[in-house]
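# Observations on the three-dimensional arrangement
One letter stands for each residue in the lines below.
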Amino acid sequence: MEEYLNHTIKTIRPLDNQAMEASRARQDNLTKPQGSLGRLEHLAIKIAGIRREARPVLEKKAIIVMAADHGVAEEGVSAYPQEVTRQMLHNFAQGTAAINVLARLIGARVVVADIGVKSDMGPCQGIVNRKVAPGTRNIARGPAMTREQALQAIGVGIDVVQTEVARGLDIVGTGDMGIGNTTAAAAICAATSGWPVQAVVGRGTGVDDVQLANKVRVVRQALEINQPDPGDPLDVLAKVGGLEIASLVGVMLGAAAHRIPVVLDGLISGSAALIAAGLSPVAEGYFIAAHRSAEPGHKAVFAQLRSSPLLDLNMRLGEGTGAALGIFLAEAAVKTMNEMVTFDEAGVARKK
């Protein structure tokens, strides 16, 4: 599996400067004051570099939701029982969850994959069964998974995005489901950033003050017991991560290898992006941060990725909901660039 990962990483290329310059030149000649569309202009230029096209089109959209359970849930770190992971997958499959609503709004398909749900999902139309293990082990007691399991889950993510590329894909959003996963994501953020544990642990599903203090204790204990090496992204992932986080790493790297923009959701996707960028710094250029989560650990993500989110709506649901809104803005950015006319085309006088 490590060879599969290394092959994917070697395929990732830097953004195309020529396409970006051509895109920038068009932006500067559209019928508007230069720079007046603000970050939408920069976003369109970045997407041009990713797609290697001066005027990219984002018609075929998908949000990939990876799902898995976490052994650390037994430490009481969530306000919801673990069976909610399985129940929500059925909700996704039926098209009735928040992500389904927002995906329909932007015209994106939702792809849901079981990477490590604890219970047996059985035959379920609308869910891709690629289970690596029935959840991770309790990170407060030892490593979440083996290094080989982490690599296998990354490989699943690469496979899933390649399947979507074959169906037609211009842009992808990342989503997640897994009770206990904000604990694992906070542990990744603390391990990779060096930030204090209390600065990256949030309320997740809405825990109270007592549960929050316990969650901080659990993350601190997980780091002390496992001693993840911040210089080895796979070590961090295997020791304190999650199967769905690992598979999102694969989605991000696989999409970058196919020159597809990756719109990141919240903290869980952010923690996966830290691992992906650690494995392939070039891949970081393909990431678009959709929104700033209400989870405090997301600040550590942005500090390490040196990026700014497009939106700040105090969201913390996950599922890819923030990514869906980010995809909408990405499409708005390229549409304004492509469908507006230049001063010459419109016969409009330029400023003096």
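Structure's up top.
Residues numbered from 1 in each chain as written. Predicted model: local features only at pLDDT ≥ 70, side-chain atom pairs only at ≥ 80, totals over all residues. Heavy atoms only, no water.

## So, the overall build of the chain
A tally of helices and strands in the chain yields 15 helices and six strands. With respect to the three principal axes, the spread of C-alpha positions in the chain is 70 × 45 × 40 Å. Residue burial in the chain is summarised as follows: out of 352 residues, 57% are buried. Within the chain, contacts between residues separated by at least 24 positions form 77% of all contacts whose residues are at least 6 apart in sequence. Accessible surface, the chain as shown: approximately 14,100 Å² in total, 51% of it carbon and sulfur. (Helix = DSSP H or I, 4+ residues; strand = E, 2+ residues; numbered from the N terminus. Buried < 20%, exposed > 50% of the residue type's maximum accessible area, 1.4 Å probe, protein only. Contact = heavy atoms within 4.5 Å. Areas by Shrake-Rupley, 256 points an atom, 1.4 Å probe, with all protein chains shown as cover.)

## Considering the environment of E244
Residue position: E244 is located in helix 11 (residues 243–257). The buried category is assigned to E244, whose relative accessible area is 0%. In sequence terms E244 and A191 are 53 residues apart; their C-alpha atoms lie 18 Å from each other. When neighbours within four sequence positions are excluded, E244 is seen to be in contact with M66, A67, A68, H70, D176, M177, G178 and N181. Within the structure, E244 has its side chain in polar contact with the side chain of H70 (distance 2.7 Å). (Polar contact = N/O pair within 3.5 Å; in protein donor to acceptor, adjacent residues only side chain to side chain.)

## Description of the nonpolar core
Counting residues in each nonpolar core, the largest one holds 80 residues, and the members touching the most others are M252 and F287. Counting residues per element, this core draws most heavily on helix 11, at eleven residues. Dropping the residues within four chain positions of it, M252 is found in contact with T174, V262, L264, S269, A272, A273, A276 and F287. Counting 35 residues, the second-largest nonpolar core is a separate cluster that includes I63, M177, I179 and I288. (Core = buried A, V, L, I, M, F, W, Y, C linked by side-chain atoms within 4.5 Å.)

## Thoughts on unusual backbone geometry
Within the chain, N314 stands out as a residue other than glycine whose phi angle is a positive 60°. Position of N314 relative to the elements: it lies in the loop between helix 13 (297–305) and helix 14 (321–339). The phi dihedral of E319 falls on the positive side, at around 70°, and the residue is not glycine. Summarising the element assignment, E319 is placed in the loop between helix 13 and helix 14.

## As for the side chain of T136
With respect to the helices and strands, T136 occurs in the loop between strand 3 (127–129) and helix 6 (147–167). Judged by its relative accessible area of 9%, T136 falls in the buried class. In contact with T136, other than residues within four places in its own chain, are D69, H70, G71, A144, M145, G241, G242 and L243.

## Observations concerning the sheet that holds strand 1 (residues 61–68)
Read from one edge of the open sheet, six strands run 3-2-1-4-5-6, paired in parallel fashion. The sheet terminates laterally at strand 3 and strand 6 (287–289), the two strands that pair on one side only. Averaged over all pairs of adjacent strands, the angle between strand axes in this sheet comes to 30°, irrespective of strand direction. Relative to strand 5 (residues 262–264), strand 4 (residues 171–177) is paired through two bridges, and the arrangement is parallel. Its bridge partner lying in strand 5, G173 is registered against V263. (Pairing = 2+ DSSP bridges. Axes fitted to C-alpha atoms, helices over the stretch in contact; angles between N-to-C directions.)

## Focus on the packing of helix 3 (residues 39–51) against helix 14
With their axes 8 Å apart at the nearest point, helix 3 and helix 14 run at an angle of 90° to one another. Comparing their axes, helix 14 and helix 3 come out roughly perpendicular. Two secondary-structure elements touch here, helix 3 through L40, L43, A44 and I47 and helix 14 through L329, A330, A333, V334 and M337. Its residues placed into classes, the contact of helix 3 with helix 14 shows nine nonpolar, no polar and no charged. (Parallel < 35°, antiparallel > 145°, perpendicular 65-115°, else oblique. Nonpolar A, V, L, I, M, F, W, Y, C, P; charged D, E, K, R; others polar.)

## Let's talk about the environment of K215
Mapping K215 onto the fold places it in helix 9 (residues 209–226). For K215, a relative accessible area of 0% corresponds to the buried category. Through-space distance from the C-alpha of K215 to that of Q87 is 24 Å; in sequence the pair is 128 residues apart. Separated by 2.9 Å, the side chain of K215 and the backbone oxygen of G202 make a polar contact.

## A few points about the packing of helix 1 (residues 2–11) against helix 11
Orientation of helix 1 relative to helix 11, taken along the N-to-C sense of each, is 45°, at an axis distance of 8 Å. One finds that helix 1 runs oblique with respect to helix 11. The two elements helix 1 and helix 11 meet at a crossing, and its hand is left-handed. Two secondary-structure elements touch here, helix 1 through L5, T8, I9 and T11 and helix 11 through L253, G254 and A257. (Left-handed = near helix turned anticlockwise from the far one by under 90°.)

## Focus on helix 14
For helix 14, spanning 19 residues, the distance from its first C-alpha to its last is 27 Å, which sits close to the expected 27 Å at 1.5 Å a residue. All of the buried residues in helix 14 are T321, G322, A323, A324, G326, I327, A330, E331, A333, V334, M337 and N338. (Expected span 1.5 Å × (residues − 1).)

## Details of the pairing of strand 1
The buried fraction of strand 1 is high, at eight of eight residues. Of the two faces of strand 1, the one carrying K61, I63, V65 and A67 and the one carrying A62, I64, M66 and A68 are both buried. With eight bridges joining them, strand 1 and strand 2 (residues 108–116) adopt parallel strand pairing. Note on strand 2: the bridge partner recorded for A62 is R109. Of the pairings in the sheet, the one linking strand 1 to strand 4 comprises seven bridges and is parallel in character. If you follow A62 over to strand 4, its bridge partner there is V172.

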